[in-house]
Amino acid sequence: MSKIFDVIIVGAGSAGLAALREVKKRTRNFVLINDGPWGTICARVGCMPSKLLIEAANAFHRRGTFEEFGIRGADNLALDLAAVLRRVRRLRDDFVASTLKATDALGECAVSGRARLLGVGRLEVNGRELQARNIIIATGSHPVVPASWRVPDKQLLTTDTLFEQETLPPRMAVVGLGPIGVEMAQAISRLGVNVTAFGCGTTIAGLSDPQISSVALDLLGREFPVYPGGRAYLDVVSEGVRVRAGTMEVAVDRVLVALGRRPNIDGLGLERLGIELDEQGLPFVNPHTMQVADLPVFMAGDANDQIPLLHEAADGGYIAGINATRSAPTHFARRTPLAITFADPNIAIIGSRFQALDGKKILTGEVRFEHQGRARAGQRNSGILHLYAEPESGRLLGAEMCAPAGEHMAHLLALAIGRSLTVRDLLRLPFYHPVLEEGLRTALRDLAAQLPACEESDLAACDAFNAEALD
Ligand SMILES: Cc1cc2nc3c(=O)[nH]c(=O)nc-3n(C[C@H](O)[C@H](O)[C@H](O)COP(=O)(O)OP(=O)(O)OC[C@H]3O[C@@H](n4cnc5c(N)ncnc54)[C@H](O)[C@@H]3O)c2cc1C
């Protein structure tokens, strides 16, 4: 009889590697299978190279504030786009190398090849059948490109190919205004490319609060033309690619497609598990156990199409790794939802989304950053933040924002929501002066003013001073 592994992990991305860490603690009888390059999507073509590009773009963009600061000569600064992209790849290669340390020493336990399920506990890779007591599917996702777009590959980029470019052309369209589209459109524009962006949703960057989305859209629209809400069509024309959406039409050299990502499940053989699949071809996956139906099969990371974010993929892999080595699965509580789009100002969604609360009785506290003291000092005074709270208790439920240093406030808010803190609990915190978090305090005070009056002092219950330097 052929060998039966305790666990087979399919996919060596962030979810697969988190699963591997847990599996290795409990058994040596496992195999990790990965198709294509090793080194994770995050490090190779995702989180890390995109943030490297954004950092360079924002550093160059900052020159627009120099004159006002009294720094002369900004007009003489020039951007070497090829050097920017070389740096992206150089640092990216370092990040990839560090993820490879997790798999380089695995020897025969690591197999390169495309796995295909043959049934529960059975799969095929490189023409060989392997059997396992448990299988973890962590196959990730790929960018969606409409099949009807008949545009040559060299004119159509995705984030799989963007960071490999030696340079970028003068005119680009970005189609899709989810988190990745928004981040890349702004970065590419700030790097000097003439960008036109198209979105097809009612809001952008995953926001669900229409007011926050509209501020974000307005701020982006001051940097480059943005056309939300229309389905885009592409044609090849003599001067490049023509992008049409509604009444808008633009000719560009290349198009970055950012229309979302689809789980890598095509040809994976999920139908051979003998369970119901939804219209996307996905099975039910319990988000607390990562178990597929009641089978000894677990599915984590982008592959299960639940929350396509790095820390969630790692958590899912961790849960799957533990449960695939236990006789009965443990249910794990998931973390407070937290999603950040690294636009400038940062866009973030924490806890319950506005859309999920809409229609329920909630209070909304608001701050706008135009007059916030520290934001003005740094010429970063734009954006808006909404906090959502329960009307009676004042418990914080969620937040959406497009705000300077939003990525940090988002973490503070995730902590508060995770700990079920109330508006008054938060107002008891010290707020150092002058910091951007004082803007957050303004939104908390806005909420406190709507809550039932309370005798208790929190030392922060005074009215605003109506002086920018103090509020
Ligand atoms: C441009 C971009 C920017 C992003 N920025 C952020 C960010 O700032 N913050 C954040 O939290 N998230 C971000 N993400 C999302 C994050 O990168 C993903 O959620 C995460 O990397 C998913 O990890 P994973 O393990 O599910 O998949 P992956 O890392 O894609 O790993 C899956 C692996 O499985 C392999 N595979 C597929 N099919 C098979 C098969 N049949 N057999 C064997 N192997 C197979 C794949 O080749 C791949 O190596 C970004 C994504 C992109 C694309």
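Treat the numbers as computed from the prediction; the structure is a model and nothing was measured.

Criteria and thresholds
Residues numbered from 1 in each chain as written. Predicted model: local features only at pLDDT ≥ 70, side-chain atom pairs only at ≥ 80, totals over all residues. Heavy atoms only, no water. Pairing = 2+ DSSP bridges. Helix = DSSP H or I, 4+ residues; strand = E, 2+ residues; numbered from the N terminus. Contact = heavy atoms within 4.5 Å. Axes fitted to C-alpha atoms, helices over the stretch in contact; angles between N-to-C directions. Salt bridge = Lys/Arg side-chain N within 4 Å of Asp/Glu carboxyl O. Core = buried A, V, L, I, M, F, W, Y, C linked by side-chain atoms within 4.5 Å. Buried < 20%, exposed > 50% of the residue type's maximum accessible area, 1.4 Å probe, protein only. 1 Å grid on protein atoms, 1.4 Å probe; cavity = no way out; pocket = protein on both sides within 12 Å on 5 of 7 lines; lining within 4 Å. Points joined across faces, edges and corners; volume = space filled by probe spheres on them. Nonpolar A, V, L, I, M, F, W, Y, C, P; charged D, E, K, R; others polar. Parallel < 35°, antiparallel > 145°, perpendicular 65-115°, else oblique. Left-handed = near helix turned anticlockwise from the far one by under 90°. Near = heavy atom within 4 Å. Polar contact = N/O pair within 3.5 Å; in protein donor to acceptor, adjacent residues only side chain to side chain. Phe/Tyr/Trp six-rings, centres within 6.5 Å; stacked < 30°, edge-to-face > 60°. Lys NZ or Arg CZ within 6 Å of the ring centre and 35° of its normal. Domains from an automatic or database assignment.

Caption draft 1: Representation of the sheet that holds strand β9 (residues 171-175) in the model. Read from one edge of the open sheet, five strands run β8-β15-β9-β10-β11, paired in parallel fashion. The strands lining the two open edges of the sheet, one partner per strand, are β8 (156-157) and β11 (226-227). Examined bridge by bridge, β9 and strand β10 (residues 194-198) share five bridges and lie parallel to one another. Residue pairing in the sheet places arginine 171 in a bridge with asparagine 194 of β10. Helix-sheet contacts for helix α7 (residues 179-190) involve β9, β10 and β15 (254-257), and the interaxial angle to β10 is about 160°.

Caption draft 2: Structural view of the pattern of salt bridges. Tallying each qualifying case throughout the model produces 25 salt bridges. Residue aspartate 315 pairs with arginine 335 through a salt bridge whose shortest N-O separation is 2.5 Å. Linking aspartate 315 in helix α9 (residues 310-323) with arginine 335 in the loop between α9 and β18 (338-341), this pair joins segments that are 20 residues apart in sequence. Among the ionic contacts, a cluster of salt bridges with common partners joins Asp235, Arg242, Arg244 and Glu249.

Caption draft 3: Structural context of the sheet that holds strand β22 (residues 396-403). One open sheet holds the five strands; their spatial order is β18-β19-β22-β21-β20, and the pairing between them is antiparallel. The open sheet has two edge strands, β18 and β20 (363-368), and neither has a second partner. The mean inter-strand angle of the sheet, taken between neighbouring strand axes irrespective of direction, is 10°. Across six bridges, β20 lies against strand β21 (residues 384-389) in antiparallel orientation. Directly across from glycine 365, in β21, lies its bridge partner leucine 387. Against the sheet, helix α12 (residues 406-418) makes contact with β18, β19 (346-351), β21 and β22, and its axis sits at roughly 180° relative to β22, the strand it touches most.

Caption draft 4: Main features of the nonpolar core. Counting 48 residues, the largest nonpolar core has Ile8, Leu123, Ile136 and Met299 as the members making the most contacts within it. Contributing elements (two or more residues each) for this core: β1 (4-10), α1 (14-26), β2 (30-34), β5 (122-125), β6 (128-137), β17 (297-299) and α9. Those residues in contact with leucine 123 that sit more than four places away from it in its chain are Ile8, Val10, Ile33, Ala115, Arg116, Leu117, Leu118, Arg128, Glu129, Leu130 and Ile135.

Caption draft 5: Up close: the layout of surface pockets. Of the pockets and cavities examined, the second largest pocket occupies roughly 750 Å³. Of all elements in the fold, only α3 (47-61) and α12 reach the threshold of two or more residues within the lining of the second largest pocket. Sort the elements by how many residues they give to the lining of the second largest pocket and α3 lands first, with five residues. When the residues that make up the lining of the second largest pocket are grouped by side-chain class, the tally is seven nonpolar, eight polar and nine charged.

Caption draft 6: Geometry of the packing of α1 against α9. Axis separation between α1 and α9 bottoms out at 7 Å; the angle between their running directions is 30°. As the angle between them shows, α1 and α9 are arranged roughly parallel. Crossing handedness for the pair α1 and α9: right-handed. Counting all contacts with α1, which are made through Ser14, Ala15, Ala18, Ala19, Glu22, Val23 and Arg26, the residues of α9 involved are Leu310, Ala313, Ala314, Gly317, Tyr318, Gly321 and Ile322. Residues belonging to the contact of α1 with α9 are distributed by class as follows: nine nonpolar, three polar and two charged.

Caption draft 7: Fine view of the site of the ligand. Residues in contact with the ligand amount to 35 residues; listed here are only the nearest, Asn34, Asp35, Ile41, Lys51 and Asp302. Contact between the ligand and alanine 115: a nitrogen atom at 2.9 Å from a main-chain N or O atom of the residue. In this structure, an oxygen atom belonging to the ligand sits 2.8 Å away from a main-chain N or O atom of leucine 310. If you list the elements that add at least two residues to the shell around the ligand, you get α1, β2, α2 (41-45), α3 and α9. Per-class residue counts for the shell around the ligand are 17 nonpolar, 13 polar and five charged.

Caption draft 8: Structural view of the packing of aromatic side chains. Taken as a whole and judged by the stated rule, the model has three aromatic pairs. Ring centres of phenylalanine 354 and tyrosine 388 lie 5.6 Å apart, and the angle between their planes is 45°; this geometry places the pair in the tilted category. In this pair, phenylalanine 354 is assigned in helix α10 (residues 354-357) and tyrosine 388 in strand β21, connecting sequence segments 34 residues apart. A residue is classified by how much of its surface remains accessible, and tyrosine 388, at 0% relative accessible area, is buried. Positioned over the ring face of phenylalanine 60 is arginine 63, at 3.6 Å from the centre of the ring.

Caption draft 9: Broad picture of the pairing of β15. Of the two faces of β15, the one lined by Arg254 and Leu256 and the one lined by Val255 and Val257 are each fully buried. Examined bridge by bridge, β8 and β15 share two bridges and lie parallel to one another. Bridging across to β15, leucine 156 finds its partner in valine 255. Alignment of β9 against β15, held across four bridges, turns out to be parallel. Bridge assignment links methionine 172 to a residue of β15, and that residue is arginine 254.

Caption draft 10: Here's a closer look at empty space enclosed by the protein. Inspection of the entire model under this criterion finds one cavity of 30 Å³ or more. Taken as a whole, the largest cavity spans an internal volume of roughly 40 Å³. Considering each element in turn, the lining of the largest cavity owes the most residues, three residues, to helix α8 (residues 210-221). Of the residues contributing to the lining of the largest cavity, the split by class is seven nonpolar, one polar and one charged. Two domains each put at least three residues into the lining of the largest cavity: domain 2 (153-259) and domain 3 (338-461).

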